[in-house]
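# Structural description and commentary
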Amino acid sequence: MPRSVIAPKDRLIVALDLPATSQAEALVKRLGDAVTFYKIGYHLGFAGGLSMVRSLDAAGKKVFVDLKLHDIGNTVARGVESLSSLGATFLTVHAYPQTMQAAVSARGKMGPKILAVTVLTSYDEADVQAAGSRLNLAELVAMRARQAMELGIDGIVCSPEEATGLREIVGDQMCLVTPGIRPSGSASGDQKRIMTPGRAIAAGSDYLVVGRPVVEAADPRAAAESIQAEIAQALA
């Protein structure tokens, strides 16, 4: 999807990082029409949250299923086939060529858009080297992004710090989805490569994933609306 046709409100993805579907459903109700896009990852997904994909889709919401699949090709393909029936908009896989190829081949015409995770935003240079990479962090991200583009992946999950460089590599052919977003004054938590919403949009990010600054806010709707306003200002 070209960057210019993404609805501004859709650019904020709220991560439902909660331990129970009842809590997630209560948060979605509280956020109302302030949020149109949600992420379901391990925390909620393994607590029965995958069932919410269908209900959110039926309510007109978009859903990002963030399971970061990575296994032998056949196993990834079967997993993508199963997940494709849920109605998710995005599904993540780790950016390894065999894994990406299997996911693209299995999603079908009606399946979710496949996003490749280059390097986790909790990783820094030392973590990449400790994992055995011969490339530095920037080189590894760039290599995986080029491979993803060649294999027909729809988008990249990356740190906002990498968005400008990746936009030069992928152009408008792929969307960039960035976690590690922290409004001014928010704690960084376990994220090491972070940025404010406005700066991330200006850097080239298409979608911003925000969890704790909204989920743990005293007024989640007000927190989401504040981020939406900052996104709109950056787009203007």
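What you are looking at is a predicted structure, and each value in this text was computed from that prediction instead of being measured.

### Quick word on the packing of aromatic side chains
One pass over the full model with this rule turns up five aromatic pairs. Taking 5.2 Å as the distance between ring centres and 15° as the angle between the ring planes, the aromatic pair formed by tyrosine 42 and phenylalanine 46 counts as stacked. Within this pair, tyrosine 42 and its partner phenylalanine 46 are both found in helix α2 (residues 42–49), separated by four residues, close to a single helical turn. Judged by its relative accessible area of 64%, phenylalanine 46 falls in the exposed class. Over the face of the ring belonging to tyrosine 96 we find arginine 144, whose NZ or CZ atom lies 4.7 Å from the ring centre.

### A closer look at helix α5 (residues 97–106)
What α5 keeps buried is the set Thr99, Met100, Ala102, Ala103, Val104 and Ala106. Tucked into the core, α5 has its buried residues touching β3 (62–69), α4 (73–83), β4 (90–94), β5 (113–117) and α7 (137–150). At the C-terminal side of α5, glycine 108 shows a positive phi close to 75°.

### Re the nonpolar core
Core analysis: the largest hydrophobic core is formed by 64 residues, its most contacted members being Leu16 and Ile156. If sequence neighbours within four positions are ignored, isoleucine 156 has contacts with Leu115, Ala116, Thr118, Ala145, Ala148, Leu166, Met174, Cys175, Leu176 and Val177. The next biggest cluster of nonpolar side chains, apart from the first, holds 13 residues, and it includes Ile6, Ala15, Tyr207 and Val209.

Rules and cut-offs
Residues numbered from 1 in each chain as written. Predicted model: local features only at pLDDT ≥ 70, side-chain atom pairs only at ≥ 80, totals over all residues. Heavy atoms only, no water. Phe/Tyr/Trp six-rings, centres within 6.5 Å; stacked < 30°, edge-to-face > 60°. Helix = DSSP H or I, 4+ residues; strand = E, 2+ residues; numbered from the N terminus. Buried < 20%, exposed > 50% of the residue type's maximum accessible area, 1.4 Å probe, protein only. Lys NZ or Arg CZ within 6 Å of the ring centre and 35° of its normal. Contact = heavy atoms within 4.5 Å. Core = buried A, V, L, I, M, F, W, Y, C linked by side-chain atoms within 4.5 Å.

So, to be careful, I would describe these as geometric facts and stop short of saying anything about function.
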